[in-house]
Amino acid sequence: MKFLKKTDIKQLVLLFVASLIVSLPYFLYSPKQGLMAVLVLMILAMLHKTIFLVASIYSLFINSFFMHLVTTWGGDSLVSRIQASYESATYERWEYFKTYIGITDFLMTVGYFIISLFVIYIVVKKLELSSFARKFSLSVSTLAIVASLLIFPTLETLKNFQLVHLPLTIYKTYDNLSVINERASFLQKAEDAKISCPNSFDKIIFIQGESANKHHLSVYGYEKKTTPFFDSIKPYAFDAIAPANQTRFAIAIELTDATVENFDVFYKNKSIVSKLSSCGYTTHWISNQGKTGEFDTTITSIAKEADHTYFLNDLDYTTAGLDGNVLKTLDLIDTKTPEKQAFFIHLLGSHFAYSDRYPADKAFMKGDDVVTHYDNSIHYTDWVISEIYKRFLNENSLYIYLSDHSEVVQKGGHGYSPSFKGEYDIPLVMWSKQKERLSTLFKTTKGKLINTESLNHIIEYLTGMNDSLGVSYGTKVLSVIPENVVDYLTLPKHEKE
Ligand SMILES: [Zn+2]
């Protein structure tokens, strides 16, 4: 019986160590799957050095990317994270890099890459096994894989194998986006419904904020006076939660008949924007969020329903400016005509990075900590809203302000999985001189938590499109993706909240 020679053993150890280093990030997530990756690499090395070279560089990329996703966002949000990257405006990707990829992250990744490439190089250069050692290693690795496939449920193992799963997810996400295009063709074919809005407002001003946590607004009792304008006009401030912790699902649910538990309705449904058009309002969509790249988001899809759309940050992320810029756009529109108009104003609000969301001369507090920057951004949003207010006659206007979702301020983000309660605690503020239906709404919902999945029905009620309130008090919310419905009441608070 033949035995492995000393040189063979040394080389096999070298190969094993190299494969281990290449697969290292994966071990942090799942040791079982990390070991599988090592075995596969060893088998490939037995077949040909070049195959090993290509495979290890491939898995080096996938594993590093995967490690970043898992450590930053948690393990079950991959599809959404990749989708967000497809759908995001360039400025958002830029912000993402600025916020989540620190210098340590960068150095660690670069250091890890250099070390890994070095060991791959050594293996490719030095590996000279005897044919016996080759067969030996091939059989042992193959046997180990077969054994583990027998021990663990096969399908489950393959499905969760990130070297396969991650690229497949990227492809699937790309494919999923075509559904948005289906919505476009649905809207094109759908006939104009005959709707009337007898409880008429001259102007409806709907301000869609971003990442505002109601516990940081003084109109909701925050001790710092972050919302002097709201405090002065004394609006109806409702207790509300967002239906999702990501913009594109939250707004899609808020403005259409889609609900937390049935998101798919969105693809075959006109939003409240179209319905107000049918009621005789000229609709304007003004967005200070960046326009998307190659793909339409759910939000662009809704924006297109408006008679006029204004995307302030067309293409160039470097000019993705302050929310005050929407005022310049408003100034170009005659807001004092007797014509019925509805404005949907989409702000950047308190989107990370907070310090970029307000001009230095409008900081109401000095300091460089995350909460100060955040509170300054809330204070600036309040100022922007007060300036929007000045641009209307306000004899018979309806104002609605809410945030798409909330924010875990101390952690500097939203869209976590598992989710935190704080990601859903949004402000929902309304006011008008015409108070009848508003006060009924306030009295009826007092002491209860409104799920803004029903926001479109609330607007239908306020405008008289509908005489029933249609408020949802459901506590189910989306955690990152429509497939992941959770109960808000059972979500944990973030440790620093
Ligand atoms: Zn958002």
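Parameters and conventions
- Residues numbered from 1 in each chain as written.
- Predicted model: local features only at pLDDT ≥ 70, side-chain atom pairs only at ≥ 80, totals over all residues.
- Helix = DSSP H or I, 4+ residues; strand = E, 2+ residues; numbered from the N terminus.
- Buried ≥ 20, exposed ≤ 12 C-beta atoms within 10 Å, placed from the backbone.
- Contact = placed C-beta atoms within 7 Å.
- pLDDT = per-residue confidence, 0-100.
- Axes fitted to C-alpha atoms, helices over the stretch in contact; angles between N-to-C directions.
- Parallel < 35°, antiparallel > 145°, perpendicular 65-115°, else oblique.
- Nonpolar A, V, L, I, M, F, W, Y, C, P; charged D, E, K, R; others polar.
- Core = buried A, V, L, I, M, F, W, Y, C linked by C-beta atoms within 7 Å.
- Left-handed = near helix turned anticlockwise from the far one by under 90°.
- Pairing = 2+ DSSP bridges.

A closer look at the overall build of the protein
- A count of helical and extended segments in the protein gives 18 helices and ten strands.
- The buried share of the protein, taken over its 497 residues, is 41%.
- Intrachain contacts of the protein at a sequence separation of at least 6 include 74% that bridge at least 24 residues.

Section: the confidence of the model for the protein
- In this model, the protein carries a mean pLDDT of 85, and residues with pLDDT of at least 70 account for 83%.
- The weakest mean pLDDT in the protein belongs to helix H5 (residues 90–100) at 52; the strongest belongs to strand S8 (residues 450–451) at 98.

Points about the environment of Phe 61
- Along the polypeptide, Phe 61 turns up in helix H3 (residues 49–73).
- With 52 residues separating them along the chain, Phe 61 and Phe 113 place their C-alpha atoms 8.7 Å apart.

Considering the environment of Lys 366
- Examined against the element boundaries, Lys 366 turns out to sit in the loop between strand S5 (341–346) and helix H16 (370–390).
- For Lys 366, a count of 7 C-beta atoms within 10 Å translates into the label exposed.
- Remark: the alpha-carbon pair of Lys 366 and Asn 376, spanning ten residues in sequence, is separated by 8.9 Å.

Quick notes on the packing of helix H17 (residues 436–445) against helix H18 (residues 455–463)
- Relative to each other, H17 and H18 sit at 135 degrees, their axes nearing to 8 Å. Between H17 and H18, the crossing angle belongs to the class labelled oblique. Here H17 contributes Arg 437, Leu 438 and Leu 441 to the contact with H18, which in turn contributes Ile 458, Tyr 461 and Leu 462.
- Grouping the constituent residues of the contact of H17 with H18 by class yields five nonpolar, no polar and one charged.

Quick look at the nonpolar core
- If you look at the biggest cluster of nonpolar residues, it comprises 83 residues, and the most contacted ones within it are Phe 206, Ile 207 and Ile 345.
- Not counting residues within four places of it along the chain, the set of residues in contact with Ile 207 comprises Ile 345, Leu 347, Ile 385, Ile 388, Ile 400 and Tyr 401.
- By size, the runner-up hydrophobic cluster in this structure holds 20 residues, among which are Leu 15, Ile 43, Ala 45 and Phe 66.

Some thoughts on the environment of Pro 418
- Looking at the secondary structure, you find Pro 418 in the loop between strand S6 (397–403) and strand S7 (425–432).
- Put simply, Pro 418 and Val 486 are 68 residues apart on the chain and 9.4 Å apart in space, counted from C-alpha to C-alpha.

Details of the packing of helix H2 (residues 31–47) against helix H7 (residues 131–151)
- Relative to each other, H2 and H7 sit at 150 degrees, their axes nearing to 9 Å. Between H2 and H7 the crossing geometry is left-handed. Contacts from Met 36, Leu 39, Met 42, Ile 43 and Met 46 of H2 reach H7 at Arg 134, Ser 137, Leu 138, Ser 141, Thr 142, Ala 144, Ile 145 and Ser 148.
- Residue composition of the contact of H2 with H7, grouped by class: eight nonpolar, four polar and one charged.

Some remarks on the pairing of S7
- Of all eight residues in S7, seven are buried; the element is thus mostly enclosed.
- Of the pairings in the sheet, the one linking strand S2 (residues 236–241) to S7 comprises six bridges and is antiparallel in character. Each bridged residue has a counterpart across the sheet, and for Tyr 236 the counterpart in S7 is Met 430.
- Where S6 meets S7, five bridges bridge the pair, whose relative direction is antiparallel. Paired with Leu 398 across the bridge in S7 is Ser 432.

Describing unusual backbone geometry
- In this chain, Phe 352 is followed by Ala 353 through a cis amide linkage whose omega measures 0 degrees.
- Backbone geometry at Asn 394 places phi at a positive 60 degrees, although glycine is not the residue there.
- For Asn 394, the location among the structural elements is in the loop between H16 and S6.
- By C-beta crowding, Asn 394 is classed as partly exposed, having 15 other C-beta atoms within 10 Å.

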